[in-house]
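Fold and contact review
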Amino acid sequence: ALPTIKMALEKGAKSVVLASHLGRPDGSKVEKYSLAPVAKILEEKLGKSVTFCSDCVGEEVEKTCADPAPGSVILLENLRFHVEEEGKGVDAEGNKIKAKAEEVTAFRKSIRALADIYCNDAFGTAHRAHSSMVGEGFDIKCSGGLMAKELDAF
């Protein structure tokens, strides 16, 4: 959520790497579910440049996130474009597919390489055991302001 992003930057985070999903692309790249348009809206809302990565894992993404300029905001492409995010999906022919354990491990390792702190601000998906939701490998995990508001409502 915007308040969490702004707070992290105000408190001195070198950068904020945003990981999210849109729709149900079932582990395949579906252009209508790209987060590229979200980057432009984020720029407007934050009043600053947002770097959009055309993937959410891999060498190029890791390089982009490794040493960004102070105050950078980086938005990753839709996590659900990878079957390793949810663990299962559907291929182009409509056949059910399942992520291989070693590919899920590699996917999670790449996500882990993108940041030092894992902050979950997505209450609506926090119950899911998706790769991006478990925060695997992060020594420091926290909840964002939106998540905190939801938990306080209980």
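Everything in this summary refers to the structure shown in the same document. Keep in mind it's a predicted model, so treat the numbers as computed, not measured.

On to the environment of L46, then. Summarising the element assignment, L46 is placed in helix α2 (residues 36–46). Here the alpha-carbon distance between L46 and P68, two residues 22 residues apart in the chain, equals 17 Å. Setting aside anything within four residues of it in sequence, one finds L46 in contact with L2, I5, K6 and V73.

This part covers the packing of aromatic side chains. In this description, a pair of aromatic rings is defined by centroid distance and the angle of the planes. Under the defined criterion, the tally for this structure stands at 1 aromatic pair. Ring centres of Y118 and F138 lie 5.6 Å apart, and the angle between their planes is 40 degrees; on these two criteria the pair is classed as tilted. With Y118 in strand β6 (residues 117–120) and F138 in the loop between β6 and β7 (140–143), the pair connects residues that are 20 residues apart, well separated along the chain. The class for Y118 is buried, based on a relative accessible area of 14%. In this arrangement the basic side chain of R112 is found over the ring face of F138, its NZ or CZ atom lying 4.7 Å from the centre.

Turning our attention to the sheet that holds strand β3 (residues 72–75). In a beta sheet, neighbouring strands pair by backbone hydrogen bonds and run either parallel or antiparallel. The strand order across the open sheet built from 3 strands is β1-β3-β2, with neighbouring strands paired in parallel fashion. Because the sheet does not close on itself, it has two edges, and the strands there are β1 (15–18) and β2 (51–52). Note: β2 against β3, 2 bridges, orientation parallel. Note that in β3 the partner of F52 across the bridge is L75. Along the sheet, α2 contacts β1, β2 and β3; its crossing angle with β3, the most-contacted strand, is approximately 155 degrees.

Evaluated as defined, the whole model comprises 0 disulfides. Just so you know, C56 is unpaired, no disulfide at all, and the nearest cysteine sulfur is the one on C53, 9.5 Å from it. Sulfur of C119: no disulfide; nearest cysteine sulfur belongs to C142 and is 3.7 Å away.

Okay, the side chain of R80 next. With respect to the secondary-structure elements, R80 resides in the loop between β3 and α4 (83–86). Of the polar contacts made by the side chain of R80, one reaches the backbone oxygen of G23; its length is 3.1 Å.

As a further point, take α2. Structural remark: α-helix, 3.6 residues per turn; residues separated by three or four positions point the same way. Buried residues of α2: A39, L42 and L46, and no others. Mapping the buried residues of α2 onto a view down its axis gives an arc of 60 degrees, with all of them on the same face. Looking at α2, the residues exposed on the side facing more than 90 degrees away from the buried face are K40, E44 and K45. The elements touched by buried residues of α2 are α1 (2–10), β1, β2 and β3. Immediately downstream of α2, the backbone of G47 shows phi near 70 degrees, a positive value.

Scoring rules and cut-offs
- Residues numbered from 1 in each chain as written.
- Predicted model: local features only at pLDDT ≥ 70, side-chain atom pairs only at ≥ 80, totals over all residues.
- Heavy atoms only, no water.
- Helix = DSSP H or I, 4+ residues; strand = E, 2+ residues; numbered from the N terminus.
- Contact = heavy atoms within 4.5 Å.
- Phe/Tyr/Trp six-rings, centres within 6.5 Å; stacked < 30°, edge-to-face > 60°.
- Buried < 20%, exposed > 50% of the residue type's maximum accessible area, 1.4 Å probe, protein only.
- Lys NZ or Arg CZ within 6 Å of the ring centre and 35° of its normal.
- Pairing = 2+ DSSP bridges.
- Axes fitted to C-alpha atoms, helices over the stretch in contact; angles between N-to-C directions.
- Disulfide = S-S within 2.5 Å.
- Polar contact = N/O pair within 3.5 Å; in protein donor to acceptor, adjacent residues only side chain to side chain.
- Arc of directions from axis to C-beta.

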